Amino acid sequence: MLELQENRTEPGVTEIQPDGARPLPGFFERREGRICAAWILGICCAVVFIFGFFYLRFARIIDRRLAAGAFSNTLSIYTRPRTVAVGDPLTVEEVVARLRHSGYSTSRSNTMGWYNVRSRAVEVFPGRDSYAGGEPGVLEFADGKLTRIVSLRDRTERQVFELEPQLITNLSQQREKRHLVRFADIPPTLVHAVISAEDKNFFHHSGFDFTRILKAAYVDVKSGHKEQGASTLTMQLARGFWLGPDKRWKRKIEELFLTMHLEEKLTKQQIFEDYANEVYLGRRGTFSITGFGEGARAYFGKELSQLTTADAALLAGLVQRPSFYNPRRYPERARDRRNRVLALMHRNGYLNGEQYAQAVDAPVTIAPDRPESVASQYFIDLMNDELQNKLADRNQHTRYIYTTLDPDLQQAAQEAIDIGMKAVDEQLRKKKSLEIPTDQPQVALIALDPHTGEVKALVGGRNYGASQLNHVLAMRQPGSVFKPFVYAAALDTAVEGGRQIFTPASILNDTPTSFAFNDTPYQPGNFGHEFMGDVTLRSALAHSLNVATVQLAQRVGYAKVVAMARRAGLNNAIKPTPSVALGAYETTPLEIAGAYTVFANQGTHVTPTTISLARAPDGTVLYQDQPDQRPALDRRVAYLMVSMMQEVLRSGTGAAVRSRGFTLPAAGKTGTSRDGWFAGFTSQLLCVVWVGFDDNRELKLEGARSALPIWVEFMKRAAGMRGYRDAKAFQAPQGVVSVNICADSGQRAGENCPEPRTEVFINGTQPVDECEWHALGTHRIVSQPDSLAR
């Protein structure tokens, strides 16, 4: 047998002498130690590698978004600029409010621009991100008027000054509305309220508040369920920007990496700014209220700089549970939560005793919840559709959209609809047409510049929150607002030729008639079953006579009527049948508005547009609108049509326009199908109004009693605005002559004609022969309609 012999050479060390059987104990222990150390080192390396891998992965995600801009997927949508002039009724407060809506502030570092208020003047300094990099200037005021404009570039006086476009909204693809703000624009009281309620050590920790984490863990263990959160503002921002709402451990780990890199990459001020623009504060209608800037507008109707301490505390209190503490639905809950935030602010030293007491005693005052249509959402929806079509692949790079919307006209449109639809509801109640209180007719209004196609105002319904259907795009029977295209086709024979040349003085027979088409009889009737006998084209259009209009369409040719409608931009579903003359084929208010530019724009069709300019985040112009124009009608024919449509307002179915007090030179046409219509224009503004039920049943109100009053209310308001109040009389182009004719026969007026009047003709088509009827001493007797309403 082998023997082991110990040889103790040093104290505590046993040396094994190999007679050869097993390793020495010291060697074994050293090898185990090395293996253990290798394992520990390997594990540490693996942890560092995994940590580094995921950290770099999430760092790249953050860096990409920050490089593109934290809110690069958010569109900033602006109105058109507003030009003010010396003498305009305007105050310092109104200009400052407009500048704030445009993104200006009192901070000189604001890239949009900044302003400075003096006693009776405002200094305006556009920034590098302003609409057109306009020149700085001083606007001086006295007695409620703008009295002087001075350029700060060369110290010379100006007569006009262009104010920046107003921000309508910031909109993301997730139907989030936000009003982007910068940290410098956030009042300190709101900063103090937020950190008191959510993360009191925000400006002192590095993304994680370990004291708060331990406290939250203790409270949760003690209560037996999750009762207290420990997320810092940075953690909430990481979660809101990049992660979903789930609460899995994987998401918590991802949140850890994101938070670490955000703290490394951004300053505390930048983190708070992004948080202030990202935080969810509830819903308004169909949109999320995102960010404190939008929250201040939605709940208080204020800019951030106008918030009181109590307002700031209420907003900060909403962060925890926006729906539960909604001040509109639960004002008592909102007040209690606000007061808890105020108590935290007092405890943290941000409020003294007097300030705290005043804020706690302040009532919860919430701004009225206006319909979302006031915020121009129907317009924005239409603009977004146009944006998709026109920018295509470049759409994802778009950051700033400058629209054609005129905010003053938009407000006028909403006010006109509010007044007009109350009157419509009352008329229907008297007729007992409303079976239940919620069964209300809908409305659409579109106003545009007839020379450029720029849509200046658009309302697509009574309340966007209740119905997102944009009735400006709804297919409906236009009724008599289509008739001008029948008469335009007839008058066009003076230019294009035909079996018969028609003029405004040509005679039609308005008596009960049956028209055969494809072996099928078609027998239209007049409103009120009244007939006027022999009438001129002018009278037939003015009184909206159905039988006379169908007769005219038959004589001109139904195909030519349809061709005229398509030249004016109406859809291809319109067919050449007798009923086409009476507007039986469906179209939209938007199509009608575009088609009427043919008359208002001297024969040139202009396609309606909502976008003026689109820019990338760096200011690069991605799209700039140029009017889409094409000739559709001879200028002389267009003028004759305008003259005849002026007659509609003077003596025909649209006479209520004048009796209601609108006096500017204008032309238009009423329409009644199942719905009520009115389309009309001045030399500067074209407007179409539609009223009807969504289920397509009869409104039982003519256009003159439903749509026309809304049109008048809107146009009267527009007439008081600079840019629309100087509407000019329509000027006859070269080649149009005026002749005195007999109102009965349409021939040149003789000495015996009882009612001679002036008529316009394309030169060469005017009557030559003197009136034969009255030369022979005969008179024509016709029945007049009892009502002019159509």
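Please read all numbers here as calculations on a predicted model, not as lab measurements. Starting from 1, residues in each chain are numbered consecutively following that chain's sequence as written. Residue-level local features of this predicted model are given only where pLDDT is at least 70; pairs of side-chain atoms are given and counted only at 80 or more, and the full residue set underlies all totals for whole chains, interfaces and linings. To get the side-chain values, all heavy atoms of the structure are used, and hydrogens and water are removed first.

## Quick look at the sheet that holds strand β16 (residues 442–448)
Applied cut-off: Strands are treated as partners if at least two bridges between them are detected by DSSP. Strands here mean DSSP runs of E at least two residues long; helices mean DSSP runs of H or I at least four residues long; both are numbered from the N terminus. To get an axis, fit a line to the C-alpha atoms, keeping to the stretch in contact for a helix; angles then go from 0 to 180 degrees between the N-to-C directions. Should any heavy atoms of two residues lie within 4.5 Å, those residues are counted as being in contact.
Taken in spatial order, the 5 strands of this open sheet run β17-β16-β28-β27-β26, and their pairing is antiparallel. In this open sheet, the two edge strands, each paired with only one partner strand, are β17 (455–459) and β26 (667–672). Adjacent strand axes in the sheet meet at a mean angle of 5 degrees when their direction is disregarded. Packed on one face of the sheet, helix α13 (residues 407–430) meets β16, β17 and β28 (686–692) and runs near 35 degrees to β17.

## What to know about the pairing of strand β15 (residues 400–403)
What counts is decided by this rule: Summary of the burial criterion: residues with accessible area below 20% of their type's maximum are buried, those above 50% are exposed, and those between are partly exposed, where the area comes from a 1.4 Å probe applied to protein chains only.
Burial of the side chains of β15 extends over both faces: Tyr400 and Tyr402 are buried on one face and Ile401 and Thr403 on the other. Here 3 bridges tie strand β3 (residues 74–78) to β15, and the two strands are oriented parallel to one another. Its bridge partner being in β15, isoleucine 77 is matched across the sheet by isoleucine 401. Across 4 bridges, the pairing between β15 and strand β23 (residues 611–615) is antiparallel. Within β23, the position partnered with isoleucine 401 by the bridge is alanine 614.

## Some thoughts on the pairing of β17
For β17, the buried fraction is high: 5 of the 5 residues fall into the buried class. The pairing of β16 with β17 spans 4 bridges and is antiparallel. Along β17, the bridge assignment pairs isoleucine 446 with leucine 458. Hairpin remark: β16 followed by β17, antiparallel, with 6 residues in the connecting loop; positive phi at glycine 453, about 80 degrees.

## A few points about the packing of α13 against helix α22 (residues 703–718)
Quick note on the threshold: For classification, angles of less than 35 degrees are called roughly parallel, those exceeding 145 degrees roughly antiparallel, those between 65 and 115 degrees roughly perpendicular, and all remaining angles oblique. We call a crossing left-handed when the near helix sits turned anticlockwise from the far one by less than a right angle, and right-handed when that turn is clockwise. Amino acids are sorted into nonpolar (Ala, Val, Leu, Ile, Met, Phe, Trp, Tyr, Cys and Pro), charged (Asp, Glu, Lys and Arg) and polar (every other residue, Gly among them).
Running from N to C, α13 and α22 cross one another at 150 degrees; their axes reach a closest spacing of 8 Å. Taken as axis vectors, α13 and α22 run roughly antiparallel relative to one another. Crossing of α13 against α22: the hand is right-handed. Contact residues: α13 offers Leu409, Ala412, Ala413, Glu415, Ala416, Ile417, Ile419, Gly420, Met421, Val424 and Gln427, while α22 offers Arg705, Ser706, Ile710, Glu713, Phe714, Arg717 and Ala718. In terms of residue class, the contact of α13 with α22 is built from 11 nonpolar, 3 polar and 4 charged.

## Side note on helix α20 (residues 635–651)
Which entries qualify depends on this criterion: Expected helix span is taken as 1.5 Å per residue step, with the number of steps being one fewer than the number of residues.
The end-to-end C-alpha distance of α20, which contains 17 residues, comes to 25 Å, matching closely the 24 Å that a straight helix rising 1.5 Å per residue would cover. Most of α20 is tucked away: 13 of the 17 residues are buried.

## Concerning the pattern of salt bridges
Convention followed: For this analysis, a salt bridge means a side-chain nitrogen from Lys or Arg found within 4 Å of a carboxyl oxygen belonging to Asp or Glu.
Taken as a whole and judged by the stated rule, the model has 32 salt bridges. In this structure, lysine 390 engages glutamate 386 in a salt bridge whose closest nitrogen and oxygen atoms are separated by 2.5 Å. Taken together, the residues lysine 390 and glutamate 386, both in helix α12 (residues 377–391) and 4 residues apart, mark about one turn of the helix. Assessed through its relative accessible area of 11%, glutamate 386 is described here as buried. We note a salt bridge from aspartate 492 to arginine 567, for which the minimum N-O separation is 3.5 Å. Placement of the pair is aspartate 492 in the loop between α14 (483–491) and α15 (493–496) and arginine 567 in helix α18 (residues 558–567), with a sequence separation of 75 residues.

In short, geometric facts, not functional conclusions.
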